[in-house]
Amino acid sequence: MGFDEEAVTDEQREACAVVVMRTMLEDWCDDTGIPFDDALDAFASSRTYELLFDFSSRQWAEGPDNLRFVWEQERRNG
C-alpha cells in the first residue's frame, strides 16, 4: 500500500532524506572504518547527494540500503 505523496510536505521529505542519509552513512562508516565526518564530506559533494535532495527523484523514500547502492555505484563508476 502506497501513500498520498501530495500530502507529504517538502519539510517532511527533507527530514526523511536526512534520516536516510545519516543511517546509510553510519552503516557505511561501521563497515569501512572511515570517520563519519569524512564520509559526510565525501557524500555531500556527490551526485547521489544531489539526487537525494531532488525530491522529484523519490530517492528520499527508497531507504538507506538503496541510497548506499546508488552512492557506491557512483563511487565505482566516477
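Residues numbered from 1 in each chain as written. Predicted model: local features only at pLDDT ≥ 70, side-chain atom pairs only at ≥ 80, totals over all residues. Heavy atoms only, no water.

Along the protein, the regular secondary structure elements total 4 helices and 0 strands. Its helices and strands taken in sequence order, the protein reads α-α-α-α from the N to the C terminus. On C-alpha atoms alone, the protein measures out to a radius of gyration of 13 Å, which is about the 12 Å that the 2.2 N^0.38 rule sets for 78 residues. The principal-axis extent of the C-alpha atoms belonging to the protein is close to 40 × 25 × 20 Å. The proportion of buried residues among the 78 residues of the protein is 28%. Sequence separation of 24 or more characterises 61% of the internal contacts of the protein that already satisfy a separation of 6 or more. Split by element, the accessible area of the protein, about 5100 Å² in all, is 49% carbon and sulfur. Across the protein, 7 positive and 19 negative side-chain charges occur, with their mean positions spaced 5 Å apart. (Helix = DSSP H or I, 4+ residues; strand = E, 2+ residues; numbered from the N terminus. Rg over C-alpha atoms; globule rule 2.2 N^0.38 Å. Buried < 20%, exposed > 50% of the residue type's maximum accessible area, 1.4 Å probe, protein only. Contact = heavy atoms within 4.5 Å. Areas by Shrake-Rupley, 256 points an atom, 1.4 Å probe, with all protein chains shown as cover. Lys, Arg positive; Asp, Glu negative; His and termini not counted. Charge placed at Lys NZ, Arg CZ, Asp CG, Glu CD.)

Here we come to the packing of helix H1 (residues 10-32) against helix H4 (residues 64-77). Two elements in contact, H1 and H4, have axes separated by 9 Å at closest approach and are oriented at 65°. Considering only the axes of H1 and H4, their crossing is right-handed. Across from Val20, Met21, Thr23, Met24, Leu25, Asp27, Trp28 and Asp31 in H1, the residues of H4 making contact are Pro64, Leu67, Arg68, Trp71, Glu72 and Arg75. Classifying every residue of the contact of H1 with H4 gives 8 nonpolar, 1 polar and 5 charged. (Axes fitted to C-alpha atoms, helices over the stretch in contact; angles between N-to-C directions. Left-handed = near helix turned anticlockwise from the far one by under 90°. Nonpolar A, V, L, I, M, F, W, Y, C, P; charged D, E, K, R; others polar.)

Once that is clear, we can look at the nonpolar core. By size, the foremost hydrophobic cluster in this structure holds 15 residues, and its most contacted members are Met24, Leu25, Phe43, Leu52 and Leu67. Taken together, the elements giving at least two residues each to this core come down to H1, helix H2 (36-44) and H4. Aside from chain neighbours lying at most four places away, what touches Leu25 is Phe36, Ala39, Leu40, Phe43 and Trp71. (Core = buried A, V, L, I, M, F, W, Y, C linked by side-chain atoms within 4.5 Å.)

With that settled, consider the pattern of salt bridges. As enumerated under the stated definition, the model contains 5 salt bridges in all. With its nearest N and O atoms 2.7 Å apart, the salt bridge here joins Arg68 to Asp31. Taken as a pair, Arg68 in helix H4 and Asp31 in helix H1 lie far apart in primary sequence, 37 residues in all. Taking the relative accessible area as the measure of exposure, Arg68 reaches 18% and is therefore buried. With a closest N to O distance of 3.5 Å, Glu62 and Arg58 form a salt bridge. (Salt bridge = Lys/Arg side-chain N within 4 Å of Asp/Glu carboxyl O.)

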